[in-house]
Amino acid sequence: MQFSALSLAYNALTGHRHWKPTWRDAAPKDAYDIVIIGGGHGLAASYYLAKEFGFRNIAVLDKGWIGGGNIGRNTTIVRSNYLLPGNIPFYELSMKLWEKLEDDLNYNTMVSQRGVLNLFHSDAQRDAYARRGNAMRLEGVDAQLLHREEVRAMAPFLNFDNGRFPIQGGLLQKRGGTVRHDAVAWGYARAASDLGVDVVQNCEVTGFRIDNGKVEGVETSRGFIRAGKVAVAVAGNSSRVMSLAGMRLPIETHVLQAFVSEGLKPAIPGVITFGAGHFYISQSDKGGLVFGGDIDGYNSYAQRGNLPVIEDVCEGGMAVMPMLGRARLLRGWGGLMDMSMDGSPIIDRTPIDGLYLNAGWCYGGFKATPASGFCFAHLLATGTPHPTAEAYRLDRFETGHLIDEKGVGAQPNLH
Amino acid sequence: MSPQPNRRATGGLIDRSVSLNFSFDGKQYGGFAGDTLASALVANGVTLVGRSFKYHRPRGFLTAGSEEPNGLVELRTGARREPNTKATTVELYNGLAAMSQNRWPSLAFDIQSINNWFSPLLGAGFYYKTFMWPGFLWEKLYEPLIRRSAGLGRLSMESDPDSYEKVHAFCDVLVIGGGAAGLMAALAAGRSGARVILCDEDFRFGGRLLSERTEIDGTPCAEWAANVVAELDGLPNVTLLPSTTVFGVYDGGTYGAIEKVSDHLETPGPGQPRQRLWKIVAKRSVLAAGAIERPIVFGGNDTPGVMLASAVRTYVNRYAANPGKRAVVFTSSDDGWRTIADLAAAGIEIAAVVDPRLQVAPSLGDIAKRAHAPVFLGARLREANGGHALASLSIIGADNRERQVRADLLAVANGSNPNIGLTNHYGHRPVWNEEISAFVADVLLPGMSVAGAAAGRFALADILRTGADAGAKAAEDTGFSATMPPVPATTADPVSATPLWHVDKSRGKAFVDFQNDVTAKDVALAAQEGFRAIEHLKRYTTLGMATDQGKTSSVTGLAIMAELTGRSIPVTGVTIARPPHVPVAIGAFAGIHTGPHFKPTRLTSGHRWAEENGASFVEAGQWLRPQWFSRPGEMDWLETVNREVLAVRNGVGICDVSTLGKIDIQGPDAGILLDRVYINMFSTLAVGRARYGMMLREDGFAMDDGTTARFSETRYVMSTTTANAAKAMSHLEFARQVLWPELDVQTVSITEQWAQYAVAGPNARKLLQNLFGLAIDLSPEAFPYMGVAEFEFGGTTVRLFRLSFSGELAYEVAVPAHYGDALIRRLMAAGAEFGVTPYGTEALSVMRIEKGHVAGNELNGQTTAGDLGFGRMMSKKKDFIGRTLAARPGLVDPERPVFVGFKPVDPSRRLRAGAHFLGLGKAATTANDEGYMTSVAYSPNLGHWIGLGLIKHGPERLGERVRAYDPIRNGDVEVEICSPVFVDPEGARLQHV
């Protein structure tokens, strides 16, 4: 059923009896043209494969429930304020897809372009943000460099006068903002399912069947599924899943914590990041302050973090927004981040024929969901990378064509 | 103060001799010491205390503890306002001011309660289906409306005026919860001599014992608890932490706890923190956090006056506050029946006892008989009626007949959920225990045991016994010999329960999650729409995501989902509780690191002198460095900086360079280590000489640069940039300890141990000669460029380096840091006759840009040695860190932007760092982007702005013009590519004689 105010009203009057399952909870078939592993970016990929490239015989497998991975565990921020030419066009494509996502999916994912403001605290930081902002403008992306008083007008509650590192200004991307993360997974699942994609939950991949260097299908907890192509998009578990195919990835897995406060009346307009410590914050439509900071810093597959980083994040929060002191941290979560060696992702084929990889999103994968899906679909359908994702090659660590936004080198826990 | 109409004259654990005044929504009330805000409101007959999230339904207290979903208030006023504070957890104090929240214009008359009428439109996930057209209205109209009506309390928007502390504590046994089980555990462990910490969220130890009228060892249970607490208090190895909630279990047996230190005061005392964050490392822990009673989902079950039975007993017994006059008890558990006697004893009339079970133990029937309470077995409640207060209830009997009963209080008991959230904190899922119809801990955390009701033991005798067991066992595990304390005698209490999750065919809205307004219908809609996985249910309906974290709703919601989908509860699944177990103030996590104390401020030993001499300071990481020294009459910073630059170039200046990283490297293999970390050779450096060096990261990109001096065969002193001091140090340590442990070399950071000043300018040598006299021969022959020396002067060691960042004849003088202040004063005195001028980082930067030296802006982690013009410095005679990866095609690509200088074609134009370079006439696109400006300065020597930057094929394009494109600052300047060395390209000034 098409979603609209009208259909909602009709159903309200008829006791909501007519709503159907949002997506078909499909049982896996014996064979598909393409099997996508991972109900996050994979859902987006399946949708674009069906819609843009006409594929229908596709399955998306998730080991648990769709949206249960990083697509549903993040701080919901979307932005395309990148610096390097390998990244900007891709993230801008993503931003453009976000901007029409609701129309596309007929699902309100609450794309909310309330702005992303990166504060700077020194001349050197200002010039680095100017370099970034100019790079964005060269690509046609909106960017503004605000001075201190302009920042104050936007966010008068920031600590302008008593801070350790006084705020000098900020880089603003007005089109940045937040999106309701769960709705993205559900919206893609619904739209893909409507186009014939099988969304298969509780189907864990336990192995790959590879014959003569070519992938034949996947072994799963629900039996063998034959596939023409297998596409892996399992953020947080990429290294583990690809090890089933005998591949070792240039990825380390780390824990990132994020936090949400109790519900509060609107206090923070958009997304704000603190430049003198690692802290970022926004407020959800429901009223919770959603915030985070650095990864915990050690390799782990445990989805839990520890106190030092919580303290560090809250110190950053109090430094820039001392009004937060009496707001309470309600929930925290620790997600698994596939940290790549240069902080940028991989969308590429693998040395195994028919096996494709979408990985290494570090902790920036959510904003990429639409473009990641689109470009992965393009690669799967045409065999060639989408022009905006050409740089995301698996062999770039060997060739040195790195995309290191932060310039910290091959130290994954610093990206 | 008005009388407290619902307060009984006697009984309870309140101190009637201490009257306290407080206000709620501006109205004054009175209470007593020992009250919570909730109990005081109940005593005053206030039933309406809050509004729900979505439908703005009128709400009263459901509970008497930290699981409260309804009774949230904005506590205190002004900058101290605390939104969403559970009135049930607030210890009453004199002068307390609380306001209801999420209502307008008033709690009694809330316009938005109109949402209730539109509720058919506003079911679970309604917003995913609408507000999509037209798109632009989302940000403009729909979302602002949603945002405004969402949220609960209001932040003060002012800085939190209170302070927070942190404590690190260590113990053998941490006991979490000071109820019957916890007290026994603490007693058993405490008597053994083990270091025990006992925490309880309540301001008074005793847990449920404070709310029940049972006897232990022949004394009222609250009195028994007080006696145990008195004994524990007398044990020196036991630390009692009341008002302290353990909220999280972290790796390595670390427990986070939050102590309310002065939340029971109007404002903290002088020097007193508001709260204290405890980080407790415990060898063993005993979780004795009790259990949380469950509501029953039926129509109107959120009407003020509907309370959990355990909460009713708390208000009645502990606080002598009667929440009503005529009550109904709706219970599916034996435990609920005990409420009957308590109500009767408090003089509350019992209109009916409704139990869905067809049969109950005879002893229960006797309780009802004694209280003259009509009993309906096999019955259920269909609907609760009343607006702001409960008026009547409709009972469907076993005979299916519906009766209306008048009542202003309903006590609901539906069995309890063991309070085991903490056992989930490593990601372990609890398991369903059919016998008690509740989830219990399955895999326990290392070192943790569970006792009492938290372990699913609901009979008091079991609770006491399991507590004692767990405490003794924990003490023994940590090496103490513990004897089980005798388990005191109690009366047997029946604890059977057959939960009734949801009353079928009930009328009206039946709430599962009270605060988030999730109804049984919403759960059904979620099931219908395919959100059947428990996490989907939670996320789609927001069940369990409110400030009570689902403590009264999650299990009920999943039980209803199980019923709807025909699956068992364990198959349906369960969510995993994550820390924090209760919401914790962000300020408490931050502790003292707020405002100016966010990070340490590092000052050089010359800081005071600089302050005295009018320096303006700038942040350099954590350091404060003099940026410039303004003089009276100077119009702006640029005038000051120009003066300082010219003073150095034409006379002599002094700059504090103490913040640069300094690393002492000693040992026979020091030279080998340096050869391996620098791209160029250092083992061949002569003693008494310094050399410029660059080091790469392992991935082949430039990491840091600086000069390293050799003071003896086995001793070098390295200098690094200020920004990379720590990074270079850890890089050396990694190389020394991990890569090549066989090297005989030691390194130590001496950045803070030495003060260092640059003395630069044509008169630099004369100045130093004035100061040092015969202590050292500074003649060019004896002390040439890049010479270094160490000598004794004025009772201390002085290190002298002939280095130059400015391009002038220059030295750096270093002394132990405590001589730093003396040194700058002596240097200034020695230079007085030459008009010596102190200069700051800005002039330093101007001069290094004039000389084309790279600095942090160029060493940005994305450049290679080749990019920066140091390609030929990379030794081919030896291996060094980063050499191999620096040879990758991407790093030696001839299309990489390379370091050169830039000057504006129109000399009046200002340059800005961060501008990108575009070919003249080329469109402003990424494809035409040729590089970017890294550093700019106004050169007073040249009389125009100059810049350094990276551009493709730069050195081959000297003289070519390009655009420095800076749209973000409306800049677009035509510049000419030039050599990066703007001043004295031959380097003659360095050799000034």
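All values reported here derive from a predicted model rather than from experimental measurement.

**A word on the side chain of S719 of chain B**
- Inspection of the secondary structure puts S719 of chain B in strand β38 (residues 715-720).
- Dropping the residues within four chain positions of it, S719 of chain B is found in contact with G661, Y678, D705, G706, T707 and T708 of chain B.

**Focus on the interface of chain B and chain A**
- Contact with chain B, which involves 117 residues of that partner, is made by 115 residues of chain A.
- Carbon and sulfur atoms make up 57% of the surface buried where chain B meets chain A, a total of about 9,500 Å² over both sides.
- When the area that chain B buries against chain A is broken down by residue, the three leading residues are R147, I586 and I968 of chain B, summing to 9%.
- At the junction of chain B and chain A, the tally comes to 14 salt bridges.
- Across the pair R326 of chain A and D162 of chain B runs a salt bridge, and its minimum N-O distance is 2.8 Å.
- The element that contributes the greatest number of residues to the side of chain B that touches chain A is helix α2 (residues 137-149) of chain B, accounting for seven residues.
- Residue composition of the side of chain B that touches chain A, grouped by class: 51 nonpolar, 35 polar and 31 charged.
- As defined by bridge partners, strand β16 (residues 328-340) of chain A adjoins strand β31 (residues 584-585) of chain B across two bridges and the pair is classed as antiparallel. Bridge pairing in β31 of chain B links L329 of chain A to V584 of chain B.

**Let's talk about the sheet that holds strand β40 (residues 754-760) of chain B**
Residues and elements named next belong to chain B.
- On the basis of which strands lie adjacent, the open sheet formed by six strands has the order β41-β42-β43-β40-β34-β44 and mixed pairing. Since the sheet does not close on itself, it has two edges, and those belong to β41 (788-793) and β44 (837-838), each with one partner.
- Summarising the sheet, strand β42 (residues 796-801) and strand β43 (residues 810-816) pair through three bridges and their orientation is antiparallel. Along β43, the bridge assignment pairs R799 with A814.
- Docked against the sheet, helix α18 (residues 764-772) engages β34 (653-656), β40, β41, β42 and β43, running at close to 30 degrees with respect to β43.

**Thoughts on the state of the cysteines**
- Enumeration according to the criterion identifies zero disulfides over all chains in this entry.
- Of all cysteine sulfurs in the structure, the one in C362 of chain A sits closest to C375 of chain A, which takes part in no disulfide; the separation is 17 Å.
- Free cysteine C171 of chain B: the closest other cysteine sulfur is in C199 of chain B, separated by 8.2 Å.

Scoring rules and cut-offs
Residues numbered from 1 in each chain as written. Chains lettered and ligands numbered in written order. Predicted model: local features only at pLDDT ≥ 70, side-chain atom pairs only at ≥ 80, totals over all residues. Heavy atoms only, no water. Helix = DSSP H or I, 4+ residues; strand = E, 2+ residues; numbered from the N terminus. Contact = heavy atoms within 4.5 Å. Buried area = accessible area lost by both parts, 1.4 Å probe. Salt bridge = Lys/Arg side-chain N within 4 Å of Asp/Glu carboxyl O. Nonpolar A, V, L, I, M, F, W, Y, C, P; charged D, E, K, R; others polar. Pairing = 2+ DSSP bridges. Axes fitted to C-alpha atoms, helices over the stretch in contact; angles between N-to-C directions. Disulfide = S-S within 2.5 Å.

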